Amino acid sequence: MSKTILNPAFIKVEQFCILYSLQRSIFDTFRSYELIQVDIVEKEEYLNEKEYRRAKQVIRLYQDLGINPEGIDVIQNLLKRIKKQEKQIILLKNQIRIYID
């Protein structure tokens, strides 16, 4: 069974936990580390599309690689820094091209 939901605008947290065989307490732990954010609509918790993708990444790191929440937090922070530095490199390359051309 594929774990892909095509273009989910919102998915209930309960459905997400069932889909990924994840205990709700583990999901709540990820929330407490601010690894996953939820939207609350009419007292129901939902993941929006962006958070759904982030939650899938967190779950893969946890289930497939056995990384604990603290480790996942470090990994996500490092990935953010890498993306920021990649953008800076592109900007600098473009600035250098101005002087070379």
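Residues numbered from 1 in each chain as written. Predicted model: local features only at pLDDT ≥ 70, side-chain atom pairs only at ≥ 80, totals over all residues. Heavy atoms only, no water.

Caption draft 1: The pairing of strand β3 (residues 44–48), seen in detail. Sheet topology note: the strand β1 (residues 10–12)/β3 ladder contains 3 bridges and is antiparallel. Along β3, the bridge assignment pairs Lys 12 with Tyr 46. In the sheet, strand β2 (residues 39–41) pairs with β3 via 3 bridges, with the strands oriented antiparallel. From the neighbouring strand, Ile 40 faces β3, where its bridge partner is Glu 45. Counting the residues between successive antiparallel strands, the hairpin from β2 to β3 contains 2 residues, one of them, Glu 42, with a positive phi of roughly 50 degrees. (Pairing = 2+ DSSP bridges. Helix = DSSP H or I, 4+ residues; strand = E, 2+ residues; numbered from the N terminus.)

Caption draft 2: Looking closely at the environment of Gln 76. Residue placement: Gln 76 occurs in helix α4 (residues 69–100). Here Gln 76 falls in the buried class, since its relative accessible area comes to 9%. Distance from Gln 76 to Leu 35, taken between C-alpha atoms, is 8.3 Å for residues 41 residues apart in sequence. Those residues in contact with Gln 76 that lie beyond four places of it in its chain are Leu 35, Arg 54, Gln 57 and Val 58. (Buried < 20%, exposed > 50% of the residue type's maximum accessible area, 1.4 Å probe, protein only. Contact = heavy atoms within 4.5 Å.)

Caption draft 3: Layout of the nonpolar core. Formed by 21 residues in total, the largest nonpolar core has its most connected members in Phe 16, Phe 27, Phe 30, Ile 36 and Leu 47. For this core, the elements supplying multiple residues, two or more each, are α1 (13–19), α2 (24–32) and α3 (49–65). Tallying contributions element by element places α3 first for this core, with 5 residues. If near-sequence neighbours (up to four positions away) are discounted, Phe 27 is found in contact with Val 13, Phe 16, Cys 17, Leu 22, Ile 36, Val 38 and Leu 47. (Core = buried A, V, L, I, M, F, W, Y, C linked by side-chain atoms within 4.5 Å.)

That is the geometry; function is a separate question.
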